[in-house]
Amino acid sequence: MPNYLPQKSKRRMSNYVPLRLEDYDISPNNGFLPSEPPLQRLSDPYYEPWEHIMDRFNQYLLAHHIRRLVREMPVLDTSKLTSPAEFQRAFTILSFIAHAFVWGRNGAASEPASEFLPPSVSIPWVSAAEYLQLNPVVCCAAVCHWNWQILDPNAKDPMDIDNLGTLYTFSGSMDESWFYLVTTAMEAKSARGINAILDAIIGVEEDNPSRVTRALNEIAHSLRDANNLLERMYERCDPYVFYWKIREFLAGWENMAEAGLPYGVLYEGVDDTDTFSLDNWQSLIRRFRKYAGGSAAQTPLLQAFDIALGIKHYPTGEKGLQSSVDDARNRLQRRGVPEPPTANSYLVRMRDYMPGGHRRFLEDLASTCRIREYVLLACSDAFLQAGDEKDDRVVMRQAYNECVGLMKSFRDKHIMIVTRYIIAQAKNSPPSLVTSVAPVSSHIIPRSAHDQALARSSSTHPPGGRLGGDSLPADPTMYPQTNTTHASQPSSSSSAHIDRKNARLARKVDEGSVVRGTGGTDAIQFLKQVRNETANTKI
Ligand code: HEM
């Protein structure tokens, strides 16, 4: 039996309790997707008012009926939802309704964004979010995990991307369906890799390099599938449609002053508005919630592979260090001691947009997984010959490096996608110019108060974080995907102002400027750093 584990760690093996996917709502067949296709209707007729909107969602959105229908909708509670699948459907359809309500209709006849979400949506949405333990805002789970159907149940591979359809989109376009389905199919294909991560952990505990190698090969297989699927984004999702027609509905309400939401959104009926009077408008503004919008960065998948392979990410702009052999030895001896989560604040915060079970899986994985340390220690012998295929350590290292290489190439491909779908589009002209409309908030907040608050908005921090419970300071490294502010000073011309205000998330940036995240983060700089940290993890 090999002896790559430190003795102390071996003694602890008897205490080892393997992670079980079912404890984290992870499907052995579908990974982070539910095992069964998402429900297509809530069983209790009580929820017909929601289902009625979803029956003709795109038509209502196109015809500007959503806001009226939502205002007319009764305030329903979640007590008649009977299963996790029902909560997932409720959360998903309320996410579509809420974002349609807030962002209104885009394009030439644009409606201004609404800073208020009526109780008919906010109350049940927050309740479903509490049950599912994620933020009440559209997220990857809502549009990719709980929004798919199988077209032919008898197909050879029912979860193949060409056998999947979405249940809902905002734009009604095939491009938007495809944008979601690439992630959906990737999650399903990656179930194999998630199972393999657990197997590799057992291999490490058993000090069994062949088992670790086999598991790493399985992970590599999943990562190859993920790479292939990512490349297929170009096939049926047009960058122009993505940038100008889809992305804006997926926006959240954090750092959205330019889009007409300087304070975020007030969830009426949830964040007590009863005590509001015109004199204490500031306390009202503090009750507004700020959340990032939907992004595939909210999939637990990539973070799970990062943790499994020991790929660490540091705050944007900071250089991190890869662990040494001594660190590896220490970690192998200290199993059970929780590791600090990945230190990039954006990636850590994205976990608040994942269902509770998946978030806990990442946390427990981080305190259990020692694959990189094991490979590093096993290969620490200076005389280990790179090409010696007979040495199980060499083969294991090759398998490990193959996984890291595939993670890097995924991130290379992803950067190219971001360049074509966001950076290049942001430099083009918008589809049409629109005229300015008064913000919806002006009927509640007195104009002077509104203006004062706008002036002070940089020092006001409304509630944020999971379920809006804790008050978090604005983080300048957050949400590069939700804003495309530009480096140069804004133009003083009124037409430029109108264009930027109403084009919201999708807007043109000047030639020579970079697409930045809120507070100045350059999205590409962030993604390149994450990619480089991945590459540097090779052993
Ligand atoms: C049109 C397609 C896509 C675009 C335009 C896009 C855009 C972005 C952008 C701008 C970021 C930077 C962080 C942020 O602002 O959210 C990001 C991060 C991220 N995206 Fe995408 N994305 C796309 C598709 C995907 C897909 C299909 C996946 C995989 C399921 C994915 C996974 C990630 C991950 C994991 C991150 C965090 C950074 C990392 O771990 O490398 N993205 N994406």
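Since this is a predicted model, take the numbers as computed values, not measurements. (Residues numbered from 1 in each chain as written. Predicted model: local features only at pLDDT ≥ 70, side-chain atom pairs only at ≥ 80, totals over all residues. Heavy atoms only, no water.)

## A few points about the overall build of the chain
In plain terms, the rule: Elements are defined by DSSP. Helices are runs of H or I of four residues or more, strands are runs of E of two residues or more, and each kind is numbered from the N terminus. Relative accessible area decides the class of each residue, using a 1.4 Å probe on protein chains only: under 20% of the type maximum gives buried, over 50% gives exposed, and in between gives partly exposed. In what follows, residue pairs with any heavy atoms lying within 4.5 Å of each other are defined as contacts. The protein chains shown are the only cover counted for residues, whose accessible areas, like all others here, come from Shrake-Rupley with a 1.4 Å probe.
Tallying secondary structure elements over the chain gives 22 helices and 4 strands in all. Counting every position in the chain, which comprises 539 residues, the buried fraction comes to 57%. In the chain, once contacts between residues fewer than 6 apart in sequence are set aside, the share between residues at least 24 apart is 81%. Surface summary for the chain: the accessible area is close to 21700 Å², and the carbon and sulfur share equals 53%.

## Brief notes about the coordination of the iron atom of the ligand
Condition: For Na, K and Ca the donor cut-off is 3.2 Å, and for all other metals it is 2.8 Å, counting N, O and S atoms only; because water is absent from this set, sites may look incomplete.
Of the protein atoms, H414 (NE2) alone serves as a donor to the iron atom of the ligand, at 2.1 Å. The topology assignment puts H414 in helix 19 (residues 392-426).

## Brief notes about helix 6 (residues 119-132)
This is how the line gets drawn: Given the number of residues in a helix, its expected span is that number minus one, multiplied by 1.5 Å.
Compared with the 20 Å implied by 1.5 Å per residue over 14 residues, the 19 Å span of helix 6 between its first and last C-alpha is a close match. Residues of helix 6 that are buried include every one of S120, V121, S122, P124, W125, V126, A128, A129 and L132, and no others.

## Details of the pattern of salt bridges
Counted only if it meets this: Salt-bridge detection follows one rule: a side-chain nitrogen of Lys or Arg within 4 Å of a carboxyl oxygen of Asp or Glu.
Summed over the entire model, instances satisfying the criterion amount to 21 salt bridges. Measuring nitrogen to oxygen at the nearest pair gives 3.0 Å for the salt bridge that ties R236 to E235. The class for R236 is partly exposed, based on a relative accessible area of 39%. Through salt bridges with shared partners, one network takes in D162, R232, E235 and R236.

## Details of the environment of V212
Its location among the elements puts V212 in helix 10 (residues 209-231). In sequence terms V212 and I371 are 159 residues apart; their C-alpha atoms lie 8.0 Å from each other. Apart from residues lying up to four places away in sequence, V212 is in contact with A200, G203, V204, I371, Y374 and M396.

## Details of the packing of aromatic side chains
Quick reminder of the rule: Stacked, tilted and edge-to-face are the three classes applied to pairs of Phe, Tyr and Trp rings, where Trp contributes its six-membered ring and a pair requires centres within 6.5 Å; stacked means planes under 30 degrees apart, edge-to-face means over 60, and tilted covers the rest.
Summed over all chains, the structure comprises 22 aromatic pairs. Pairing F116 with F288 gives two aromatic rings, centres 5.6 Å apart and planes at 70°, and the pair type is edge-to-face. Of this pair, F116 sits in strand 1 (residues 116-117) while F288 sits in the loop between helix 13 (281-286) and helix 14 (300-309); the two residues are 172 residues apart in sequence, bridging distant segments of the chain. For F116, a relative accessible area of 5% puts it in the buried group. Between the aromatic rings of F170 and F249, the centroid separation amounts to 5.2 Å while the plane-to-plane angle is 5°, which identifies the pairing as stacked. In this pair, F170 is assigned in the loop between strand 3 (164-166) and helix 8 (174-189) and F249 in helix 12 (residues 239-250), connecting sequence segments 79 residues apart. Residue class for F170 comes out buried when judged on its relative accessible area of 3%.

## Notes on the UniProt feature "binding site: heme b" (unreviewed entry) in the chain
Quick reminder of the rule: UniProt positions are given in the numbering used here, feature names are shortened, and annotations may be inferred rather than shown by experiment.
UniProt records the feature "binding site: heme b" (unreviewed entry) at H414, using the numbering of this structure. Judged by relative accessible area, H414 falls into the partly exposed class, the value being 28%. When neighbours within four sequence positions are excluded, H414 is seen to be in contact with L230 and L527.

## A closer look at the environment of T534
Relative to the helices and strands, T534 resides in helix 22 (residues 523-535). Sequence separation of T534 and G293 is 241 residues, and the distance between their C-alpha atoms is 25 Å. When residues no more than four places from it in sequence are discounted, the contact partners of T534 are I311, H313, V404, M407, K408 and R411.

## Regarding helix 5 (residues 84-103)
Every α-helix carries 3.6 residues per turn, so stepping three or four residues along brings you back to the same face. With 20 residues, helix 5 extends 28 Å between its outermost C-alpha atoms, agreeing within 8% with the 28 Å of an ideal straight helix rising 1.5 Å per residue. For helix 5, a buried count of 18 out of 20 residues is recorded, marking the element as mostly surrounded by other parts of the structure. G104 lies just past helix 5 and shows a positive phi near 65°.

## Quick notes on the packing of helix 9 (residues 191-205) against helix 14
Selection criterion: Think of each axis as a best-fit line through the C-alpha atoms, taken over the contacting stretch in the case of a helix, with angles from 0 to 180 degrees between the N-to-C directions. Our angle categories are set so that under 35 degrees counts as roughly parallel, over 145 as roughly antiparallel, 65 to 115 as roughly perpendicular, and the remainder as oblique. Take the far helix as your reference; a near helix turned counterclockwise from it by less than a right angle gives a left-handed crossing, and one turned clockwise gives a right-handed crossing.
Where helix 9 contacts helix 14, the two axes come as close as 11 Å, and the packing angle between them is 30°. The angle between helix 9 and helix 14 places the two elements in the roughly parallel class. Helix 9 and helix 14 meet at a crossing whose hand is left-handed. Only L301, A304, F305 and A308 of helix 14 make contact with helix 9, whose side of the interface consists of G193, I194 and I197.

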